Amino acid sequence: MATPRLGETAPDFDATTTEGPISFHDWKAGSWAVLFSHPADFTPVCTTELGRVAALKDEWEARGVKVLAVSVDPVEQHDAWKSDIEEVGGAPVGYPIIADDSRQVSELYDMIHPGEGDTSGVRSVFVIDPKHTVRLSLTYPKSVGRNFDEILRAVDALQVTDSGPFSTPADWQDGQRVIVAPTLSTADARERFGDDAVEEVKPYLRFTTVPA
């Protein structure tokens, strides 16, 4: 199965989770979603990652994002592991963890890479918008923990660039200036955002602030 690509519809699925059965598209209806895989329960890197996701609850909610974890372990094992995650992360696990012991979801999203040594998932991340479109994907090896601040930053960037004719420069953070899209002329940008709000560095590189 090929990895779902940017701009494609994220595959739908039914799954058993720590919060009961879900149908993915119905579960996330109208929301952004971050679907992320972890190799195995009761492992060190995964415990820190799921703990960090739990601690970021308010950040996900502020952006209208639902988070959903997946691994090939059964739901009973997920439930037994949650207390460790909460102790390490300092917050309750308020999001579902998929029990993908059938490997249905992992194979649907190409999360199992044989070159990584076994039949558990690598550290995949999919950011999916309210229309169920894949907007970003990341893949990390099992030995490298993810930076969830970067995933939040990427969601911010996607939401900002959806709000107007914008793109974001390198290392952009929420609240900083954005780039005016090439499809909008400098004259049109100044008419739209104000003369003082548009800085032309190069004819093809114009900065502006995001309108309130």
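Quantities reported herein were computed from a predicted structural model and do not represent experimental measurements. (Residues numbered from 1 in each chain as written. Predicted model: local features only at pLDDT ≥ 70, side-chain atom pairs only at ≥ 80, totals over all residues. Heavy atoms only, no water.)

**Q** Lay out the pattern of salt bridges in plain terms, naming residues and giving numbers.
**A** Under the criterion given, the structure shown has nine salt bridges. Glu 150 is paired through a salt bridge with Arg 153; the nearest N and O atoms lie 2.7 Å apart. Here Arg 153 and Glu 150 lie together in helix 6 (residues 148-162), a separation of three residues that amounts to about one turn. Notably, a salt bridge pairs Glu 199 with Arg 177, separated by 2.3 Å at the nearest N-O pair. Residue Glu 199 is located in strand 10 (residues 198-202), and its partner Arg 177 is located in the loop between strand 8 (166-167) and strand 9 (178-180); the two are separated by 22 residues in the primary sequence. Here the salt bridges do not stand alone but share partners, grouping Glu 59, Arg 63 and Asp 156 into one network. (Salt bridge = Lys/Arg side-chain N within 4 Å of Asp/Glu carboxyl O. Helix = DSSP H or I, 4+ residues; strand = E, 2+ residues; numbered from the N terminus.)

**Q** Account for the side chain of Ser 31, naming residues and giving values.
**A** As for its placement among the helices and strands, Ser 31 is situated in the loop between helix 1 (24-27) and strand 3 (32-37). Residue Ser 31 is classed as buried on the basis of its relative accessible area, which comes to 16%. Once residues within four sequence positions are removed from consideration, Ser 31 is found in contact with Gly 64, Lys 66, Ile 128, Asp 129 and Pro 130. (Buried < 20%, exposed > 50% of the residue type's maximum accessible area, 1.4 Å probe, protein only. Contact = heavy atoms within 4.5 Å.)

**Q** Now, about the environment of Glu 19: what can you tell me, with residues and values included?
**A** Residue position: Glu 19 is located in the loop between strand 1 (14-17) and strand 2 (20-23). Given a relative accessible area of 47%, Glu 19 falls into the partly exposed group. In this structure the C-alpha to C-alpha distance between Glu 19 and Ser 167, which are 148 residues apart in sequence, comes to 37 Å. Contacts of Glu 19, omitting those with residues within four sequence positions, involve Gly 94, Tyr 95 and Pro 96.

**Q** Describe in detail the sheet that holds strand 8, supporting the description with residues and values.
**A** Strand order in the open sheet made by the four strands is 8-9-11-10, with antiparallel pairing throughout. In the strand order of this sheet, the two ends are held by strand 8 and strand 10, each with one partner. Here four bridges tie strand 10 to strand 11 (residues 205-208), and the two strands are oriented antiparallel to one another. Paired with Val 198 across the bridge in strand 11 is Thr 208. Along the sheet, helix 7 (residues 186-193) contacts strand 8, strand 9, strand 10 and strand 11; its crossing angle with strand 10, the most-contacted strand, is approximately 160°. (Pairing = 2+ DSSP bridges. Axes fitted to C-alpha atoms, helices over the stretch in contact; angles between N-to-C directions.)

**Q** An account of unusual backbone geometry is requested, with residue identities and associated values reported.
**A** A positive phi is found at Phe 42, a non-glycine position, where the angle reads about 55°. You can see Phe 42 is positioned in the loop between strand 3 and helix 2 (44-55). Although it is not a glycine, His 132 sits at a positive phi angle of roughly 70°. What makes His 132 buried here is its relative accessible area of 18%.

**Q** Describe helix 6, naming the residues involved and giving the relevant values.
**A** Between its terminal C-alpha atoms helix 6 stretches 21 Å, which fits the 21 Å expected from 15 residues at 1.5 Å a residue. Of all the positions in helix 6, only Phe 148, Ile 151, Leu 152, Arg 153, Ala 154, Val 155, Asp 156, Ala 157, Leu 158 and Val 160 are classed as buried. (Expected span 1.5 Å × (residues − 1).)

**Q** So what's going on with the pairing of strand 2? Which residues, and what values?
**A** In the sheet, strand 1 pairs with strand 2 via four bridges, with the strands oriented antiparallel. Looking at strand 2, one finds that Thr 16 is bridged to Pro 21. Joining the antiparallel neighbours strand 1 and strand 2 is a turn of two residues.

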